Amino acid sequence: MSDEEHQFESKADAGASKTFPQQAGTIRKSGYIVIKNRACKVVEVSTSKTGKHGHAKCHFVAIDIFNGKKLEDIVPSSHNCDVPHVNRTDYQLIDISEDGFVSLLTESGGTKDDLKLPTDDTLLTQIKDGFAEGKDLVVTVMSAMGEEQICALKDIGPK
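Residues numbered from 1 in each chain as written. Predicted model: local features only at pLDDT ≥ 70, side-chain atom pairs only at ≥ 80, totals over all residues. Heavy atoms only, no water.

**Focus: the pairing of strand 2 (residues 32–35)**
Regular strands show a simple pattern: their side chains alternate between the two faces of the sheet. Two elements, strand 2 and strand 3 (residues 38–48), share four bridges in a ladder whose sense is antiparallel. Following the sheet pairing, I33 is matched in strand 3 by C40. Where strand 2 folds back on strand 3, the antiparallel hairpin that results is connected by two residues, among which K36 adopts a positive phi of roughly 50°. (Pairing = 2+ DSSP bridges. Helix = DSSP H or I, 4+ residues; strand = E, 2+ residues; numbered from the N terminus.)

**Things to note about unusual backbone geometry**
Even without a glycine there, the phi angle at N37 is positive, about 60°. Residue position: N37 is located in the loop between strand 2 and strand 3. Phi angles above zero are rare outside glycine, and M145 is one such case at about 55°. Following the sequence through the fold, M145 ends up in the loop between strand 10 (135–144) and strand 11 (147–158).

**With respect to the sheet that holds strand 2**
Read from one edge to the other, the open sheet built from four strands follows the order 2-3-4-5, with strand pairing classed as antiparallel. With partners counted over all chains shown, the strands left at the sheet margins are strand 2 and strand 5 (70–76), one partner each. Strand-to-strand twist of the sheet, defined as the mean angle between neighbouring strand axes without regard to direction, takes the value 45°. (Axes fitted to C-alpha atoms, helices over the stretch in contact; angles between N-to-C directions.)

**Some details on the pairing of strand 7 (residues 87–96)**
When strand 7 meets strand 10, the two strands line up antiparallel, connected through six bridges. Considered in strand 10, the bridge of Y91 is made with V139. Here strand 7 runs beside strand 8 (residues 101–105); their pairing, made up of four bridges, is antiparallel. Across the sheet, D95 pairs through a bridge with S103, a residue of strand 8. The turn linking strand 7 back onto strand 8 is made up of four residues, and G100 within it adopts a positive phi angle of 90°.

**Looking at the environment of I35**
Note that I35 resides in strand 2. The exposure class assigned to I35 is buried, which follows from its relative accessible area of 1%. For I35, the residues in contact, after removing those within four places along its chain, are C40, F60, A62, L71, E72 and D73. (Buried < 20%, exposed > 50% of the residue type's maximum accessible area, 1.4 Å probe, protein only. Contact = heavy atoms within 4.5 Å.)

**Describing helix 1 (residues 121–132)**
Over its twelve residues, helix 1 extends 16 Å from the first C-alpha to the last, a length consistent with the 16 Å expected when each residue adds 1.5 Å. Looking at helix 1, one finds that the buried residues are L123, L124, I127 and G130. Angular distribution of buried residues about the axis of helix 1 spans 145°; they occupy a single face of the element. Opposite the buried face of helix 1, at more than 90 degrees from it, the exposed residues are D121, T122 and A132. Just downstream of helix 1 lies G134, where phi reads positive at about 80°. (Expected span 1.5 Å × (residues − 1). Arc of directions from axis to C-beta.)

Have a look at this one:
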């Protein structure tokens, strides 16, 4: 055959998909769903009966996990919906910079400096006040579909 070597350039990521398909009829309240390309947590599901021509429909009411906006979608229950891979990771807070970015300590001992402070006012004041008091704080970072945001805070005592 051919003695030439073929070079393939890979332009994809590591193969880990941001979403996975799941049948609409199996998605329940407090599960996750992608609506309008946003990762959302389902707060209400209602299913309509099958009509004269076919499919039962699922009506989803969900809240965007990053900005808190309410989104709705209606999907035939036999069709597939995208469900985001949602991960929660705990990091220790090292520093808060002037421009609103946080410096976090990863489990491997490295630092993560690409996250902004949360937009939620109560969580923001808790983080700033706790850091100013010199407490050891652990923040929980939620990540889905290439987006990350601080969503919770734990106080693990004084330094």
